Amino acid sequence: MSPQPEIPLQELPASDTGQRPQLTEHVEIATPPSLPSADHSKAAYLVLAGCVLIQAPIWGYSLAFGIFQEYYTTRGSAVLSGGSSPGTIASIGTSQTGVLYLMMPVTFTLLTKYPRLRRWFGPLGLLLTTGCLTASSFASTAGQLIATQGVLHAIGCGLLFTRSSLCMDEWFSERKGLAYGAMWSGKSGVGAGMPFLTSALLNRYGASSTLRIYAVASAFLVIPPLFLMRERPAPSGRSSTNTTTSEDEDARNGHVSFAFARHPTFWILQCGNILQSLGYLMPSTYMASYANALGFPSITGPIFLALISLASVPGSLLIGLLNDTGLAATTVILISSLGSALPVFLLWGLGGHQVAVLIVFTLLYGFFAGGFSSTWSGILHEMKRRDSAMDTGLIFGMLLGGRGLGFVLSGPVGGALLEANRFKAEDFSGYATQYGPMIVYTGLTATLGAWGWFWTMGKKAMRAL
């Protein structure tokens, strides 16, 4: 019999027992390189750091617009040719906030459908934000400011936010609460300092120079985080140490799934999100004028606003972390809702004539109400539990859109509440002022933010009957 052809094998030492040693064949199997793990890897936290840092240029201007509004209103025709009504000037900030939030469902859907566009959203957002701030420094009418500072600048900020948020969402699965809480804490931290910085710059350099300073600062604050942003690589090959779910693969292929829209749970939680947003901005919008109406020093109003933002930093982070502990999403939302409603009713309403009481109110309201957006990570966990094929990034965009709808509607509602009849209750300082109806409204909307919890308890009660 002719000898068998030799097969390349690893040489093994002869067996001392005389038995034929087992031969191990070296077969090279193509395996994908080890992927950075979600939630725990250095790459994930670099992306999170970039997402936190980029909140400053995204939200900085809108959080400080109240200072710009006061500057434009008090100086009138000296800065805007022909002058403008306070309502027209207020429309600059309203358009900025409204466009920024309401565009989110569109941009999140667009980037989910066409993932290759993500690489362009960062540079385009940088170009729009810096270019529009520069252009607005040469504006001479309120209409020009609405177009540049309001609409176009908001579009640029929206592109940056969508790009960074989707990237962060890919890197965090089990610790979404931590990631989203840290992101919203970054936004709140900016809000604590921007009003004072803006006021100082406007008083020293004027609006035009301040806007140019903002444009340069935006460029320096956007570029480093963009280098930290990168998509989590998709595994290739038949085996990998990392697992991917079907929705991850669908997202890579540009598949958009609106499966969440078929679940009543989403709409119940979205309803609570919109209801809370209808009153959320009332304290931060009117607290300065409320302090002025009571005769407090002029610095008191900005301090109240800064305290709300400052308290939102730990509030956003800790409420986000609650979602990672296994608590039901509706329970975490209830904690945030009641934690913000009770200070409104008890402190702003009953003791709103004392500075010390109002300081405690702003801290508690900022902590619990400011952390409400961090409850969304719990909603994402809940929707994912019900259907693993859901795209959490897209759901996040829809929640932002719902919040924007509430913010836009809250503007005219706030004006109408101030025109309402005063409550005749002289023993209750806050309720007895012109802001009494607004206090009641803010407390009610904060409570209704827990609509999902009330709905769940109502269904259980009906079953028990």
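Within any chain, residue numbers begin from 1 and follow the written order of that chain's sequence. Side-chain atom pairs in this predicted model are given and counted only at pLDDT of 80 or more, local residue features only at pLDDT of at least 70, and totals for whole chains, interfaces and linings cover all residues. For side-chain calculations, the full set of non-hydrogen atoms in the structure is used, while hydrogens and water are omitted.

### Quick look at the overall build of the protein chain
Okay, step 1: Within the protein chain one finds 19 helices and zero strands.
Okay, step 2: We call a residue buried when its accessible area falls under 20% of the maximum for its residue type, exposed when it is over 50%, and partly exposed in between, using a 1.4 Å probe and counting protein chains only. Here the protein chain holds 465 residues, and the buried ones make up 48% of them.
Okay, step 3: For the protein chain, the exposed area adds up to about 21900 Å²; of that, 63% sits on carbon and sulfur atoms. The numbering of helices and of strands both runs from the N terminus, where a helix is a DSSP run of H or I of at least 4 residues and a strand a run of E of at least 2. Areas reported here follow the Shrake-Rupley algorithm with a probe of radius 1.4 Å; residue values treat only the protein chains shown as occluding.

### Digging into the environment of Phe138
Okay, step 1: In this fold, Phe138 is placed in the loop between helix H6 (118-136) and helix H7 (142-171).
Okay, step 2: The class of Phe138 is exposed, set by a relative accessible area of 60%.
Okay, step 3: It is 9.5 Å that separates the C-alpha atoms of Phe138 and Arg212, two residues lying 74 residues apart in sequence.

### Description of the environment of Ala38
Okay, step 1: The residue Ala38 is located in the segment before helix H1 (42-53) in this model.
Okay, step 2: Along the chain, Ala38 and Asp169 lie 131 residues apart, while their C-alpha atoms are 9.8 Å from each other.
Okay, step 3: Any two residues whose heavy atoms approach within 4.5 Å are treated as being in contact. Setting aside its immediate chain neighbours within four residues, Ala38 contacts Trp171 and Arg232.

### Things to note about the pattern of salt bridges
Okay, step 1: Note on definitions: salt bridges are taken to be side-chain nitrogens of Lys or Arg within 4 Å of carboxyl oxygens of Asp or Glu. What the rule picks out here adds up to five salt bridges.
Okay, step 2: Of the charged contacts in the structure, one is a salt bridge between Asp169 and Lys176, with a shortest N-O distance of 2.7 Å. Like Asp169, the residue Lys176 is buried in the burial classification.
Okay, step 3: Counted as one network, the salt bridges with shared partners bring together Glu382, Arg385 and Arg386.

### With respect to the nonpolar core
Okay, step 1: The term nonpolar core refers to a set of buried residues drawn from Ala, Val, Leu, Ile, Met, Phe, Trp, Tyr and Cys, joined through side-chain atoms within 4.5 Å. Phe161, Met168, Trp184, Phe396 and Leu400 are the most contacted members of the largest nonpolar core, which has 75 residues in total.
Okay, step 2: Look past the residues within four positions of Trp184 in its chain and what remains in contact with it is Trp59, Phe161, Ser316, Ser373, Ser374, Trp376, Phe396 and Leu400.
Okay, step 3: In this structure, Ala64, Tyr72, Ile89 and Val190 belong to the second largest nonpolar core, which totals 21 residues.

### Some points on the packing of helix H12 (residues 300-323) against helix H14 (residues 355-370)
Okay, step 1: An axis is simply a line fitted to the C-alpha atoms; with a helix, the fit covers only the stretch in contact. Between two such axes, the angle follows the N-to-C directions and lies from 0 to 180 degrees. Packing of H12 against H14 leaves a shortest axis separation of 6 Å and a crossing angle of 35°. Like other packed secondary-structure pairs, H12 and H14 cross with a definite hand, here right-handed. Residues Phe304, Leu307, Ile308, Ala311, Ser312, Pro314, Gly315, Ser316, Leu318 and Ile319 of H12 form the contact with H14, whose own contacting residues are Val355, Leu358, Ile359, Thr362, Leu363, Gly366, Phe367, Phe368 and Gly370.
Okay, step 2: Considered class by class, the residues forming the contact of H12 with H14 number 13 nonpolar, six polar and no charged. Handedness of a crossing follows from how the near helix is turned relative to the far one, being left-handed for an anticlockwise turn of less than a right angle and right-handed for a clockwise one. Residues are grouped as follows: Ala, Val, Leu, Ile, Met, Phe, Trp, Tyr, Cys and Pro are nonpolar; Asp, Glu, Lys and Arg are charged; every other residue, Gly included, is polar.

### Examining the packing of aromatic side chains
Okay, step 1: Here is the rule: rings of Phe, Tyr and Trp (six-membered ring for Trp) pair when centre to centre is within 6.5 Å. Planes less than 30 degrees apart are stacked, more than 60 are edge-to-face, and the remainder are tilted. Under the defined criterion, the tally for this structure stands at 29 aromatic pairs.
Okay, step 2: Between Phe68 and Tyr72 the ring centres are 6.2 Å apart and the planes differ by 35°, which places this aromatic pair in the tilted class. Here Phe68 and its partner Tyr72 are both found in helix H3 (residues 65-75), four residues apart, which amounts to about one turn of the helix.
Okay, step 3: For the pair Phe108 and Phe396, a centre-to-centre distance of 5.7 Å together with 75° between the ring planes defines the contact as edge-to-face. Of the two residues, Phe108 sits in helix H5 (residues 104-113) while Phe396 sits in helix H16 (residues 392-419), which places them 288 residues apart along the sequence.
Okay, step 4: By relative accessible area, Phe108 is classed as buried at 0%.
Okay, step 5: Note on criteria: charge over ring means Lys NZ or Arg CZ within 6 Å of the ring centre, with the direction from the centre no more than 35 degrees off the ring normal. Taking NZ or CZ as reference, Lys187 lies 4.3 Å from the ring centre of Trp59, over its face.
Okay, step 6: Over the aromatic face of Tyr280 sits the side chain of Arg403, whose NZ or CZ is 4.6 Å from the ring centroid.

### A look at H5
Okay, step 1: Counting buried positions along H5 yields seven of 10 residues, so the element is predominantly enclosed.
Okay, step 2: Of all the residues in H5, the buried ones are Met104, Pro105, Thr107, Phe108, Thr109, Leu111 and Thr112.

### Digging into the state of the cysteines
Okay, step 1: Disulfide: a pair of cysteine sulfur atoms within 2.5 Å of each other. Per the stated rule, a full pass over the model turns up zero disulfides.
Okay, step 2: Counting only cysteine sulfurs, Cys157 is the nearest neighbor of Cys132, a cysteine outside any disulfide, at a range of 9.0 Å.
Okay, step 3: Of the residues examined, Cys132 reaches a relative accessible area of 6% and is grouped as buried.

### Considering a nonpolar patch on the surface
Okay, step 1: Within this analysis, patches are made of residues with over 30% relative accessible area and no salt bridge. Like charges are joined at 9 Å or less; nonpolar side chains (Val, Leu, Ile, Met, Phe, Trp, Tyr) at 5 Å or less. A cluster of nonpolar side chains, namely Leu102, Leu405, Val408 and Leu409, defines an oily patch on the protein surface of about 290 Å² accessible area.
Okay, step 2: Ranked by residues supplied to the nonpolar patch, first place goes to H16 with three residues.
Okay, step 3: Within the secondary structure layout, Leu405 lies in helix H16.

### Structural notes on the side chain of Thr300
Okay, step 1: Positionally, Thr300 belongs in helix H12.
Okay, step 2: What qualifies as a polar contact is a pair of N or O atoms within 3.5 Å, subject to a donor-acceptor requirement within protein and to the restriction that residues adjacent in sequence count only when both atoms come from side chains. In terms of polar contacts, Thr300 uses its side chain to reach the backbone carbonyl oxygen of Pro297, at 2.9 Å.

### Examining the packing of H12 against helix H13 (residues 329-351)
Okay, step 1: Packing of H12 against H13 brings their axes to within 9 Å, and their N-to-C directions diverge by 155°. Classified by the interaxial angle, the pair formed by H12 and H13 is roughly antiparallel. As for the relative orientation of H12 and H13, their crossing is right-handed in sense. On H13, the residues that touch Ile319, Leu322 and Asn323 of H12 are Val332, Ile335 and Ser336.
Okay, step 2: Of the residues in the contact of H12 with H13, the class split is four nonpolar, two polar and no charged. Angle categories are assigned with fixed cut-offs, so that under 35 degrees is roughly parallel, over 145 is roughly antiparallel, 65 to 115 is roughly perpendicular, and the rest are oblique.

### Considerations on H14
Okay, step 1: If you check H14, its first and last C-alpha atoms are 21 Å apart, about what 16 residues at 1.5 Å a residue would give, namely 22 Å.
Okay, step 2: Among the residues making up H14, those that are buried are Val357, Leu358, Phe361, Thr362, Tyr365, Gly366, Ala369 and Gly370. Projection of H14 onto a plane perpendicular to its axis shows the buried side chains occupying an angular sector of 160°, all on one side.
Okay, step 3: Buried residues along H14 sit against helix H10 (264-280), helix H11 (282-293), H12, H13 and helix H18 (436-448). How far a helix is expected to stretch is found by multiplying one less than its residue total by 1.5 Å. Each C-beta atom gives one direction from the helix axis, and the arc is the one those directions make.

### Describing the side chain of Thr445
Okay, step 1: Structurally, Thr445 is set in helix H18.
Okay, step 2: Filtering out sequence-adjacent residues up to four positions away, Thr445 remains in contact with Leu275, Gln276, Leu278 and Gly279.

### What about the environment of Gly393?
Okay, step 1: Among the structural elements, Gly393 can be located in helix H16.
Okay, step 2: For Gly393, a relative accessible area of 1% puts it in the buried group.
Okay, step 3: Each C-alpha atom of the pair Gly393 and Leu380 lies 8.6 Å from the other, and the pair is 13 residues apart in sequence.
Okay, step 4: Contact partners of Gly393, with chain neighbours within four places excluded, come to Phe108, Leu166 and Asp169.

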